[in-house]
Amino acid sequence: MQLLLVEDDLPLASGLKQALQKTGYAVNHVASGNAALHAVKVERPDIVILDIGLPDIDGIAVLKKLRVADKTLPVLLLTARDSVEDKVAGLDSGADDYLAKPFEMTELLARLRVLERRLSTVKTSEITIGQVCLDTLEQRVTFQGEELDLARKEYMLLKSLMENAGRVMTRPTLESRLYSWGEEVSSNAVEVHIHHLRKKFGNDFIKTIRGVGYKLNPEQI
Ligand code: CA
């Protein structure tokens, strides 16, 4: 799950980023409205956390621009101003949810879980390929009917591959789903996770497309 955090208060942003990463999210941070619009264009995140008070373009204006191009991208607004007007303006502009500063981290995580759940119910919550079944709602994986315990990054990697079954996923694409910008990623991080997944699901489940990336073995799709 990749989050784009748009927040110009740098100490707050870095604290949020750290806490969110610890929970398993990949978090990219930008500090202005223009940077946010650019970032979304370059690579669509799964969820945007958008501060209203930004130095260049107001968060509400950013949201309106985002909505022109993308009606479904989940956006959670943050604001220091706990006014009814802001709340109404935000929701009218297409925000999915609204959180007034200061807030508790647990509150933010709860709101994100709701957005995540909404995302996964848009698609079907269960994907079954071969003998592997992944429930995106419960975040559970079973293999040959038995529940497996996967590390968070393994789960995210498996989810990306299963949601894109039949498509080759390049290494940079997979990395971007697992890691934040600037997060230290060893050059073989994806390979290592793939290796662990193969140990659990057998060598044939995920195919290596040499020099390009990975895809699920088409014979089982
Ligand atoms: Ca601000």
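Refer to the structure printed above.
What this report covers is the structure whose coordinates are included nearby. (Residues numbered from 1 in each chain as written. Predicted model: local features only at pLDDT ≥ 70, side-chain atom pairs only at ≥ 80, totals over all residues. Heavy atoms only, no water.)

With that settled, the discussion passes to the pairing of strand S2 (residues 26-30). Within S2, four of the five residues are buried, which leaves the element mostly enclosed by the surrounding structure. Relative to S2, strand S1 (residues 2-6) runs parallel, the two being bridged by five bridges. By the bridge assignment, Leu 4 is partnered in S2 with Asn 28. Crossover S1 to S2 through helix H1 (residues 10-22) is right-handed. (Buried < 20%, exposed > 50% of the residue type's maximum accessible area, 1.4 Å probe, protein only. Helix = DSSP H or I, 4+ residues; strand = E, 2+ residues; numbered from the N terminus. Pairing = 2+ DSSP bridges. Right-handed = clockwise from strand over helix to strand, strands pointing away.)

The strand order S2-S1-S3-S4-S5 describes an open sheet built from five strands, whose pairing is parallel. The open sheet has two edge strands with one neighbour each: S2 and strand S5 (97-100). Strand after strand, the sheet turns through a mean of 20° between neighbouring axes, direction not considered. Alignment of S1 against strand S3 (residues 47-51), held across four bridges, turns out to be parallel. In the strand pairing of S3, Leu 3 is matched with Ile 47. Running over the sheet, helix H3 (residues 59-69) touches S3 and strand S4 (75-79) and is turned about 170° from S4. (Axes fitted to C-alpha atoms, helices over the stretch in contact; angles between N-to-C directions. Contact = heavy atoms within 4.5 Å.)

Below, the discussion takes up the side chain of Arg 67. Take Arg 67: it is sitting in helix H3. Within the local environment of Arg 67, its side chain forms a polar contact with the backbone oxygen of Leu 73, the two atoms lying 2.7 Å apart. There is a polar contact of 3.2 Å between the side chain of Arg 67 and the side chain of Asp 96. Non-local contacts of Arg 67, meaning those with residues more than four positions away in its chain, are made with Thr 72, Leu 73, Val 75, Ser 93, Gly 94 and Asp 96. (Polar contact = N/O pair within 3.5 Å; in protein donor to acceptor, adjacent residues only side chain to side chain.)

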